Amino acid sequence: MSDALFRTLKIGDLELKNRIVLAPLTRARSGENRLPNAMMAEYYRQRSGAGLIISEATTISEQGLGWVQSPGIYTDEMAHGWRQVTDAVHNEGSHIFLQLWHTGRASHSDFHNGELPVAPSAIKLEGDGIHTPLGKKPYETPRALRTEEIPGVIDDYRKASMRAQAAGFDGVEIHSANGYLLDEFLQSKTNHRDDQFGGSIEKRFRLLQEVVEAVVAEWGPNRVGVRLSPNGAFNDMGSPDYREQFLYTAEQLNRLGLAYLHVMDGLAFGFHELGEPVTLADMRSKFDGVLMGNCGYDQESAEKAIASGDADLIAFGRPFISNPDLPERFRNGWPLSDVPDMSLWYSHDAEGYVDFPTYQQSS
């Protein structure tokens, strides 16, 4: 194996100790009050061997809710709770970005006191249902956001990013992937608007652009990342013009001097099969800043992507669940633990969360 994953890298003025990133993983451990807690701090501390940690998706507002017991960043109390997480990560010599999330149509009225979830257009998500605070329910047809409501959504992102600063994060990642609100605006499958936020590739990009600009105004560009999933079918996504839309999006983001562009290029999370997959090489042709790959990578494929220049960072998700010391296992050639049964991923307690041993503890 090469040492590609263990070379340092600067993103903006931050120096990462390696090229391994903890991908954002929704783990549903923040309780019904959605407050980050000591158990979450321990989970992130255990995985601080990564050069960069991206937090689990964190809702920017009550309107953005759509997952049971996921954390928020829309109150001062939530920001205070996150401080114990950022302190734990910093004490281990790593850096952490907060992922900003609005679930859009991938939600349910049970999360919103009976009000419908919002989306770019009133197009229902086709799927096997959603887990709500009141049990599993079928998806509903969302309400299309009115044009005059959109500045308020943008401001929710801005305010959430300000609270992330107060919480001690090193930066923020704007979640524009996996069929959530900003991805819904980008894609022609879910955006049938005829105002300034829909109707063409350029107009569908506009909301993401305005969100990025609002967040950059608070943080500066070199502390802001964006996540995209051009190939993804999750949450009933996939648009016929996906290649044109996402390559245009990468080209426009390239002009903003961002900390990084995080691309779910792998197909392990599901592929819509509407054409040839968008590759990291495709994105590199449009984005010359720090590029992060994600989805289905192992050590060998990650090192190859970095050595070829297609990627600068690789994010690992599921392998980090049961291998809190994943970077050390990679460095030393130690075997990985098996990925646990998915029923444990969201147990809401310590089981399946902070109880996985390091290699040295288990050997």
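Look above for the structure.
Structure report, in brief.

**Notes on the pairing of strand β13 (residues 291–294)**
Phase 1: Covered by surrounding structure in β13 are Leu291 and Gly293 together with Met292 and Asn294, the residues of both alternating faces.
Phase 2: Alignment of strand β12 (residues 260–264) against β13, held across four bridges, turns out to be parallel. Bridge pairing in β13 places Met264 opposite Asn294.
Phase 3: Relative to strand β14 (residues 313–316), β13 runs parallel, the two sharing three bridges. Paired with Met292 across the bridge in β14 is Leu313.
Phase 4: Note on the crossover from β13 through helix α8 (residues 299–308) to β14: the handedness is right-handed.

**As for the environment of Gln361**
Phase 1: Along the chain, Gln361 turns up in helix α11 (residues 359–362).
Phase 2: Separated by 245 residues in sequence, Gln361 and Leu116 place their C-alpha atoms 48 Å apart.

**Some points on helix α1 (residues 38–46)**
Phase 1: Those residues of α1 that fall on the buried side of the exposure criterion are Met40, Ala41, Tyr43, Tyr44 and Gln46.
Phase 2: Where α1 is buried, its residues touch β3 (20–22), β4 (52–59), α2 (76–91) and β5 (95–101).
Phase 3: Where α1 begins, the capping side chain belongs to Asn37, and its oxygen is found 3.2 Å from the backbone nitrogen of Met39.

Definitions and limits used
Residues numbered from 1 in each chain as written. Predicted model: local features only at pLDDT ≥ 70, side-chain atom pairs only at ≥ 80, totals over all residues. Heavy atoms only, no water. Buried < 20%, exposed > 50% of the residue type's maximum accessible area, 1.4 Å probe, protein only. Helix = DSSP H or I, 4+ residues; strand = E, 2+ residues; numbered from the N terminus. Pairing = 2+ DSSP bridges. Right-handed = clockwise from strand over helix to strand, strands pointing away. Contact = heavy atoms within 4.5 Å. Polar contact = N/O pair within 3.5 Å; in protein donor to acceptor, adjacent residues only side chain to side chain.

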